[in-house]
Amino acid sequence: MVSPRPPTHVQQLRHPEVDPRIRWFRAGEEVDTFAVVTARFLIFVDTMATPALMRQVIEAVRPDVAGRTVLVLNTHADWDHVYGNRLFAPEGDLPGLLIGSEATRDRLRSAPALDRLRQQQAQDARFADVTLVAPDLTFPERLTLHGGDLTLDVLPTPGHTPDHVSIWIPELSTVLAGDAAEHPFPQVRGGAQLAVTRASLERLQALQPRVVLPCHGGTTTPELLTRNLEHFEFLRAQLGQLSSPADWLRRPLEAGELTGASYSQALARLGERPGSVPAFYQDFHTDALHATLEDLAGLH
């Protein structure tokens, strides 16, 4: 099993399928972040898990700032996507306009978000200089940013979190999926979220993108959306054979206990194995098992 290691360096990635106006950055196994260079603005899509990591992204794209308005879009309020926000405040390294949904703003201002940060700061020195900074400009559901040569259509894609949004760039036939899609599979919390998650994946799939860039998984293929949908169908088909799904919710789901739907079997369908992906995907698998059993039992 791969053990997560907190990253200290950011790597810039390039891929022949990805337009060079989309700058792609990776912080180890933790998260990917993007910067889109348009004629009118430079927009950062998420701000990584620490200011130190995001500062490396800023320095890599600083030559592109000249003549452009700096914007930042948070796809959702999870910590690994927003802890670099303070660098774009008026007193920060690169002042800009922070944009996010109303729900993302509310989550970042909530007591649970502050409690989580305090716990992280007590446990890990790398979070010492994190300050929660919420978006300046908010929107209720959808937003379109006109960059002159590129359009960024911000679409609600709840499921991973209720506040989640993804970005469609029609001129490049590219989706910046955030955490709405992941390789090997996305997280789903509870049976009620299965249908919501599937609907978001189907919405992105209907755009018929040529490139899909998630924040976790390192892939560019639009087949990721299909594979994520098929993953949930696979779990439903396997668990649907149980005589009483509700009974299984009352007991721990041990690894390999559910014949045909174990973690290793789910990964094998995708050409992976437990040691080839970050360890947290085993928790994602357990979450999906519970969510599928709840859905089959009608307990939502």
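By the naming in an unreviewed UniProt entry, the protein chain goes by Glyoxylase-like metal-dependent hydrolase (Beta-lactamase superfamily II) and is assigned to Deinococcus humi.

Helix and strand content of the protein chain: 9 helices and 12 strands. Burial statistics for the protein chain: of 300 residues in total, 51% are counted as buried. Counting contacts in the protein chain only where the partners sit at least 6 residues apart, residues at least 24 apart contribute 67% of the total. Here the protein chain displays about 12,800 Å² of accessible surface, and carbon together with sulfur accounts for 50% of that area. Placing the 27 positive and 37 negative side-chain charges of the protein chain at their respective mean positions leaves the two points 3 Å apart.

Let us look at the packing of helix H5 (residues 191-206) against helix H6 (residues 223-239). It is at 9 Å that the axes of H5 and H6 come closest, and there the two elements cross at 155°. By the angle between their directions, the pair H5 and H6 is classed as roughly antiparallel. In this structure, H5 crosses over H6, and the sense of that crossing is left-handed. Of the residues in H6, those touching H5 at Leu194, Thr197, Arg198, Leu201, Glu202, Leu204 and Gln205 are Leu225, Thr226, Asn228, Leu229, Phe232 and Glu233. Looking at the contact of H5 with H6, its residues break down into 6 nonpolar, 4 polar and 3 charged.

Under the present numbering, the feature "domain: Metallo-beta-lactamase" (unreviewed entry) in UniProt falls on residues 30-216. Secondary structure content for residues 30-216 is 27% helix and 26% strand, while the C-alpha to C-alpha distance between its ends is 8 Å.

Our focus in this paragraph is the side chain of Thr50. Examined against the element boundaries, Thr50 turns out to sit in the loop between strand S4 (41-45) and helix H1 (51-61). Relative accessible area serves as the criterion here: at 3%, Thr50 is assigned to the buried category. Only 3.1 Å separates the side chain of Thr50 from the backbone nitrogen of Leu53, close enough to count as a polar contact. Other than its neighbours up to four places away in sequence, Thr50 contacts Tyr83, Gly84, Arg126 and Phe127.

Bringing the sheet that holds strand S3 (residues 31-37) into the picture now. The strand order across the open sheet formed by 7 strands is S1-S2-S3-S4-S5-S6-S7, and the pairing between neighbours is mixed. The open sheet terminates on both sides in strands that have one partner only, identified here as strand S1 (11-13) and strand S7 (137-139). Looking at each pair of strands side by side, their axes are set apart by 25° on average, direction ignored. Where S4 and strand S5 (residues 69-73) come together, 5 bridges link them in parallel fashion. When the sheet's bridge partners are listed, Phe41 is paired in S5 with Thr69. Sheet contacts for H1: S1, strand S2 (22-27), S3 and S4; angle to S2, the most-contacted strand, approximately 150°.

What counts as what
Residues numbered from 1 in each chain as written. Predicted model: local features only at pLDDT ≥ 70, side-chain atom pairs only at ≥ 80, totals over all residues. Heavy atoms only, no water. Helix = DSSP H or I, 4+ residues; strand = E, 2+ residues; numbered from the N terminus. Buried < 20%, exposed > 50% of the residue type's maximum accessible area, 1.4 Å probe, protein only. Contact = heavy atoms within 4.5 Å. Areas by Shrake-Rupley, 256 points an atom, 1.4 Å probe, with all protein chains shown as cover. Lys, Arg positive; Asp, Glu negative; His and termini not counted. Charge placed at Lys NZ, Arg CZ, Asp CG, Glu CD. Axes fitted to C-alpha atoms, helices over the stretch in contact; angles between N-to-C directions. Parallel < 35°, antiparallel > 145°, perpendicular 65-115°, else oblique. Left-handed = near helix turned anticlockwise from the far one by under 90°. Nonpolar A, V, L, I, M, F, W, Y, C, P; charged D, E, K, R; others polar. UniProt positions renumbered as here; feature names shortened; annotations may be inferred. Polar contact = N/O pair within 3.5 Å; in protein donor to acceptor, adjacent residues only side chain to side chain. Pairing = 2+ DSSP bridges.

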